[in-house]
Protein chains: 2
Amino acid sequence: MTKQKALMLSIFRSDFCHGKHRTADEILAYAKDLMPGISRATVYNNLKELAKEGIIRRISGDDGADLYDSDTALHGHLICSVCKGVRDVGAPRLFEDLKRISGEDIEAYELKLRYVCESCRHQNLN
Amino acid sequence: MTKQKALMLSIFRSDFCHGKHRTADEILAYAKDLMPGISRATVYNNLKELAKEGIIRRISGDDGADLYDSDTALHGHLICSVCKGVRDVGAPRLFEDLKRISGEDIEAYELKLRYVCESCRHQNLN
DNA sequence: TAGTTTTTTTGGACTTTGTCTAAAAACATT
DNA sequence: AATGTTTTTAGACAAAGTCCAAAAAAACTA
């Protein structure tokens, strides 16, 4: 356990990550604020490591950049087509439903649902 | 309608793409075989265009490269964790299920299911 | 059809995201 | 403290994709 890895862990437990989805670059910038000397490679290494250990979850973002989610429970994501905002959709039954529908023994899933969020829907009425 | 765009359309209708998921680079290489002078930017432009027009579907691949699918009907993908092979899972009811579960008026979804495919499962028994 | 306007293509530079490497530093173990 | 292992570091590198301004092609107009 190095100082750098400990920092990463604390970042993922902090409000900066709580309930949010962060890119590697956002994590890097934040980590540099707290530990200016930290290297990009270290942040990337640890992100990979933490994801492999199951401490965080890596999901593929919309624009090419991967996102990291400190909520490791299997869940889907509602993505607003307008503002790109992300909301979790935790569906306890969803996993079982997907197994049944696919007829396979699914290990995990990644689900993105496109919609228009409440506030964007209202904006659009103007 | 330019010659280049017509070529792209024909590629997506051909066996090269039928039932498969192709990266931009694979499409580019194939297009260059048929029209050597075609530019990378043109292929990328047209991929974006065709996706916007709904003629093809863009899905985010596993390794960072986006994939293009000529099957535009909403469907999910079964991805083998071992060999990375992709199988479609077309579920007519899935879309409605997802709307119901999320409680939102979903426009589209993107679904990846991780599993181990038949042949990889057998290999593993050795 | 000729001339004009609009759209598309082109090639290359550029950006973003991420990986790799070899040397240095930190860590763990005894 | 000495040793061996692991991690970090900086920078080079790579892949995937975007952006740009000039040239070419297409579409439009009269």
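So, here's what we can say about the structure.

Rules behind the numbers
- Residues numbered from 1 in each chain as written.
- Chains lettered and ligands numbered in written order.
- Predicted model: local features only at pLDDT ≥ 70, side-chain atom pairs only at ≥ 80, totals over all residues.
- Heavy atoms only, no water.
- Helix = DSSP H or I, 4+ residues; strand = E, 2+ residues; numbered from the N terminus.
- Contact = heavy atoms within 4.5 Å.
- Pairing = 2+ DSSP bridges.
- Axes fitted to C-alpha atoms, helices over the stretch in contact; angles between N-to-C directions.
- Near = heavy atom within 4 Å.
- Polar contact = N/O pair within 3.5 Å; in protein donor to acceptor, adjacent residues only side chain to side chain.
- Nonpolar A, V, L, I, M, F, W, Y, C, P; charged D, E, K, R; others polar.
- Buried < 20%, exposed > 50% of the residue type's maximum accessible area, 1.4 Å probe, protein only.
- Phe/Tyr/Trp six-rings, centres within 6.5 Å; stacked < 30°, edge-to-face > 60°.
- Lys NZ or Arg CZ within 6 Å of the ring centre and 35° of its normal.

## Comments concerning the overall build of chain A
For chain A, the count of helices and strands is 5 helices and 6 strands. Beginning at the N terminus, the succession of helices and strands in chain A can be written as α-β-α-α-β-β-β-β-α-β-α. If one aligns the C-alpha atoms of chain A with their principal axes, the spans along those axes are about 45 × 45 × 25 Å. In chain A, of all internal contacts separated by at least 6 residues, the share reaching a separation of at least 24 is 48%.

## A short note on the sheet that holds strand E2 (residues 57-60) of chain B
Residue and element names in this part refer to chain B. Pairing is antiparallel in the open sheet, where 3 strands are placed in the order E1-E3-E2. The sheet is open, and its two edges are formed by strand E1 (21-23) and E2, each paired on a single side. Across the sheet, the mean angle separating the axes of adjacent strands is 40° when strand polarity is ignored. Pairing between E1 and strand E3 (residues 66-69): 3 bridges, direction antiparallel. Its bridge partner being in E3, Arg22 is matched across the sheet by Tyr68.

## Focus on the protein's contact with DNA strand C
Taken together, 22 residues are adjacent to DNA strand C, and Arg40 and Asp66 of chain A together with Thr2, Gln4 and Thr42 of chain B come closest. Put simply, 68% of the atoms of DNA strand C that lie within 4 Å of the protein are in sugar or phosphate. Within the side chain of Thr2 of chain B, one N or O atom sits 2.5 Å away from a phosphate oxygen of DNA strand C. Here Thr42 of chain B contributes a side-chain N or O atom positioned 2.7 Å from a phosphate oxygen of DNA strand C. Contributions of two or more residues to the surface near DNA strand C are made by helix H3 (40-52) of chain A together with helix H1 (3-13) and helix H3 (40-53) of chain B. Residue classes in the surface near DNA strand C are distributed as 7 nonpolar, 8 polar and 7 charged.

## What about the environment of Ala24 of chain A?
Residues and elements named next belong to chain A. Here Ala24 is to be found in helix H2 (residues 24-34). A residue is classified by how much of its surface remains accessible, and Ala24, at 7% relative accessible area, is buried. Taking C-alpha positions, Ala24 is 9.2 Å from Arg40, a pair spaced 16 residues apart along the chain.

## Section: the pairing of strand E6 (residues 108-115) of chain A
Residues and elements named next belong to chain A. Of all 8 residues making up E6, 8 are buried, and the element is well covered by its neighbours. Neither face of E6 is left uncovered, since the one carrying Ala108, Glu110, Lys112 and Arg114 and the one carrying Tyr109, Leu111, Leu113 and Tyr115 both have all their residues buried. Direction of pairing for strand E4 (residues 76-80) relative to E6: parallel, over a ladder of 4 bridges. Of the residues in E6, the one forming a bridge with Cys80 is Tyr115.

## Notes on the side chain of Ser102 of chain B
Within the secondary structure layout, Ser102 of chain B lies in helix H4 (residues 92-102). Of note is the side chain of Ser102 of chain B, whose polar atom sits 3.2 Å from the backbone nitrogen of Glu104 of chain B. Discounting chain neighbours no more than four positions away, the residues touching Ser102 of chain B are Leu78, Val89 and Leu113 of chain A.

## A short note on the packing of aromatic side chains
Residues and elements named next belong to chain A. In total, this model carries 4 aromatic pairs over all chains according to the counting rule given. With a centroid separation of 5.8 Å and 45° between ring planes, the pair formed by Phe95 and Tyr109 is classed as tilted. Taken together, the positions of Phe95 in helix H4 (residues 94-102) and Tyr109 in strand E6 put the pair 14 residues apart, joining distant regions of the chain. For the pair Phe95 and Tyr109, one class covers both residues: buried. Sitting above the plane of the Phe16 ring, Arg22 keeps its charged end 3.8 Å from the centroid.

## Focus on unusual backbone geometry
With a phi angle near 70°, Lys84 of chain A is a residue other than glycine that sits in the positive phi range. Turning to its location among the elements, Lys84 of chain A is positioned in the loop between E4 and strand E5 (86-89).

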